[in-house]
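Structural overview
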Amino acid sequence: MALANGHDSHTHIVPIRVYLLVYAALLVLLVLTVGAAYLPGRHTLLNNVIALTIAIAKAVLVVLYFMHVRYSTRLTWLWASAGFFWLLIMFILTLGDYFTRHWVPAIGWE
Amino acid sequence: MVQEQAPQNVSLQFEDVHQQNESYIVGMWTFLVTEIMFFGAVFATYLVYRVANHTAFWEAHLRLDIPLGFINTCVLLTSSLTMALTVHYAQRQMPKQQLLWLSVTMALAMAFLVVKGFEYHHKYVEGLIPGPNFRFEPAEYFRPAQLFFSLYFAMTGLHALHVLIGVLVMAVMAVLIAIRHSSVQDFIPVELVGLYWHFVDIVWIFLFPLLYLIPR
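Conventions used here
Residues numbered from 1 in each chain as written. Chains lettered and ligands numbered in written order. Predicted model: local features only at pLDDT ≥ 70, side-chain atom pairs only at ≥ 80, totals over all residues. Heavy atoms only, no water. Salt bridge = Lys/Arg side-chain N within 4 Å of Asp/Glu carboxyl O. Helix = DSSP H or I, 4+ residues; strand = E, 2+ residues; numbered from the N terminus. Buried < 20%, exposed > 50% of the residue type's maximum accessible area, 1.4 Å probe, protein only. Polar contact = N/O pair within 3.5 Å; in protein donor to acceptor, adjacent residues only side chain to side chain. Contact = heavy atoms within 4.5 Å. Domains from an automatic or database assignment. Core = buried A, V, L, I, M, F, W, Y, C linked by side-chain atoms within 4.5 Å. Buried area = accessible area lost by both parts, 1.4 Å probe. Patch = residues over 30% accessible without salt bridge, like charges linked within 9 Å, V, L, I, M, F, W, Y side chains within 5 Å. Areas by Shrake-Rupley, 256 points an atom, 1.4 Å probe, with all protein chains shown as cover. pLDDT = per-residue confidence, 0-100. Expected span 1.5 Å × (residues − 1). Phe/Tyr/Trp six-rings, centres within 6.5 Å; stacked < 30°, edge-to-face > 60°. Lys NZ or Arg CZ within 6 Å of the ring centre and 35° of its normal. Axes fitted to C-alpha atoms, helices over the stretch in contact; angles between N-to-C directions. Left-handed = near helix turned anticlockwise from the far one by under 90°. Nonpolar A, V, L, I, M, F, W, Y, C, P; charged D, E, K, R; others polar.

Enumeration over the complete set of coordinates arrives at three salt bridges over all chains. The salt bridge involving R101 of chain A is made with D97 of chain A; its shortest N-O contact spans 2.9 Å. Measuring nitrogen to oxygen at the nearest pair gives 3.2 Å for the salt bridge that ties E119 of chain B to K116 of chain B. Remark: K116 of chain B and E119 of chain B occur in helix 4 (residues 95–125); sequence separation between them is three residues, near one turn of the helix. We classify E119 of chain B as buried; its relative accessible area is 1%. By relative accessible area, K116 of chain B is classed as buried at 2%.

Following this line, the structure appears as C-alpha cells:
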C-alpha cells in the first residue's frame, strides 16, 4: 500500500458525476426546506425538526463527498466526527441547563 | 476512477506520501474543529434566545428577505460544487481547468457578498440595525427584535467575514496556479482551501433555515 513513488492511486479521485449528483441532492433538499417552511397551519415543532433534519442531511453530504471524508483515512474520519461530537456535548449541556431552569424557580433567574 | 493522478513529493519529515497527506488533512480538520466550536457557541446563543422569545423572533424574521436568502444559498452550494471541481482537476494536475473553476468559485463567493451587501443596506434603510436608530413595530417586540437583529448581524457577519477570507485565500491560490508555482504542484494546498470553503458552506446551510425560515 505504501508506495511512495508518487504514482500509486492512494488518493481517491472522486468522479465529477458523483459531485453533480451530490449537488443535485443538495438543491432538492434546499427546495424541500423552503417548501416545508410554507406548510399550512401551525406545526412549530414539526417544522423545526424537518428544517434541522434537512440541514444535517445537507451537512453530512457536504462532509462525506465534497470534503472527501468518505474516502479519507480513519484518522481523518475520527477527527471530523470528534468536532461534531464535541459540538453535541456543548449543545446538550447548554440547552439542558437553559430549558430546565424553570422547573425549579429561583430568585434572580429569568 | 482510474484517472491519472499528479505526482507528489514527500518532505523529509514524513515516512511516505500517505502520512504526509494525512498530516495535512488532519491538521486542517483540527483547525475546522475549532471553527465548529466557535460557530457552535454562536448557534447555541441563538437557540437559547430564540426559544425564550419565539413569537418576537418570528415577527422579526418576517423582515428578512427569503428570496435573496434562497438565491444566496444556491450561490454558495454551487460554489461548493465548483470548489470540488477545482480540487478534482488539481488532483489530475490540469492547471487550466483548475484555474477556470477556482475563478468561478471566487466569482460566486463575491456574488454572495454582493447580495449580502444589498440585504444589509436594505436593513439599514428600514432602520433594523441594532442601536439608537433601531425601529420596530409592534412596540412590545422592540427589545427581542433588536436581539434578533443583533444575532442576525453577528452570525451572518461572522460568516461573511469567513467568505471574504476565503476569497482572499482563493485569490492567492489562483495567482500561484497561474504562475505554475512549485508549492501548488501538489494538490494538497487546493484540497485544504476546499475543506475550508465547504465548511463555510455548511455554516450557511444551518444559518439559512435558522434565521430566514422560522416557523410560526
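Now that the structure is up, let's keep going.
Another point: unusual backbone geometry. All names here are of chain B. Look at the link from E137 to P138: it is a cis peptide, with omega at -5°. Relative to the helices and strands, P138 resides in the loop between helix 4 and helix 5 (142–178). Of note, the phi angle at Q93 is positive, near 50°, even though the residue is not glycine. Following the sequence through the fold, Q93 ends up in the loop between helix 3 (66–91) and helix 4. With relative accessibility at 34%, the residue Q93 sits in the partly exposed group.

Here Y152 of chain B takes part through its side chain, which lies 3.4 Å from a polar atom of the side chain of K116 of chain B. In contact with K116 of chain B, not counting residues within four places along its chain, are N72, Y152, T156, W204 and Y212 of chain B.

Attention now goes to the domain arrangement of chain A. Under the domain assignment used here, chain A contains domain 1 (14–71) and domain 2 (73–103 + 106–110). Look at where the C-alpha atoms of domain 1 of chain A and domain 2 of chain A centre, and you get two points 22 Å apart.

Now for the nonpolar core. Counting 93 residues, the largest nonpolar core has M67 of chain A together with W29, F43, Y46, F148, F149 and L211 of chain B as its most contacted members. The residues that make up this core include at least three from each of domain 1 (14–71) and domain 2 (73–103 + 106–110) of chain A. Leave out the neighbours within four places in its chain, and L211 of chain B touches Y46, H61, L64, F148, Y152, M155 and T156 of chain B.

So, on to the interface of chain B and chain A. Counting from both sides, the interface comprises 58 residues of chain B and, opposite them, 57 residues of chain A. Between chain B and chain A, roughly 5,100 Å² of surface is buried when both sides are summed, and carbon and sulfur atoms account for 77% of that area. Taken together, chain B and chain A are joined by zero salt bridges. Run the count over chain B and chain A and you get seven residue pairs in polar contact (both at pLDDT 80 or more). Elements with a contribution of two residues or more to the side of chain B that touches chain A: helix 1 (17–52), helix 3 and helix 6 (188–212) of chain B.

We now examine the side chain of H61 of chain B. Residues and elements named next belong to chain B. Note on placement: H61 falls in helix 2 (residues 54–61). Side-chain polar atoms of H61 contact the backbone oxygen of W58, separated by 2.7 Å. Setting aside its immediate chain neighbours within four residues, H61 contacts F148, L211, Y212, L213 and I214.

The next point concerns a nonpolar patch on the surface. A surface patch of nonpolar side chains, amounting to about 650 Å² of accessible area, comprises F85, W86, L88, I89, I92 and L93 of chain A. In this structure, I89 of chain A sits in helix 3 (residues 74–98).

Low pLDDT means the predicted atomic positions in that stretch should not be read closely. Residues of chain A with pLDDT of at least 70 account for 89%, and the chain-wide mean is 86. Note that residues 1–9 of chain A has pLDDT below 50 and, in this model, 16 contacts with residues that lie over four places away or in other chains.

It is worth spelling out the environment of V17 of chain B at this point. Residues and elements named next belong to chain B. In this structure, V17 sits in helix 1. For V17, a relative accessible area of 0% gives the class buried. Linking V17 and P7, residues ten residues apart in sequence, is a C-alpha distance of 9.9 Å.

Turning to helix 5 of chain B, a few remarks are in order. Over its 37 residues, helix 5 of chain B runs 52 Å from end to end, which matches the ideal 54 Å to within 8%, given 1.5 Å per residue. Looking one or two residues beyond helix 5 of chain B, the residue adopting positive phi is R180 of chain B, at roughly 55°.

As a further point, take the packing of aromatic side chains. Under the criterion given, the structure shown has 21 aromatic pairs over all chains. Centroid distance F38 of chain B to F39 of chain B: 5.4 Å. Interplanar angle 70°. Geometry classified as edge-to-face. Of the residues examined, F39 of chain B reaches a relative accessible area of 5% and is grouped as buried. A cation over a ring is seen here: R101 of chain A above Y98 of chain A, with NZ or CZ 4.6 Å from the ring centre.

Turning to the packing of helix 2 of chain B against helix 5 of chain B, a few remarks are in order. All names here are of chain B. Where helix 2 meets helix 5, the closest approach of the two axes is 8 Å, and the angle between their N-to-C directions is 60°. The handedness of the crossing between helix 2 and helix 5 comes out as right-handed. Residues A56, F57, A60 and H61 of helix 2 pack against P144, A145, L147, F148, F149 and L151 of helix 5. Each residue belonging to the contact of helix 2 with helix 5 can be placed in one class, and the counts come to nine nonpolar, one polar and no charged.

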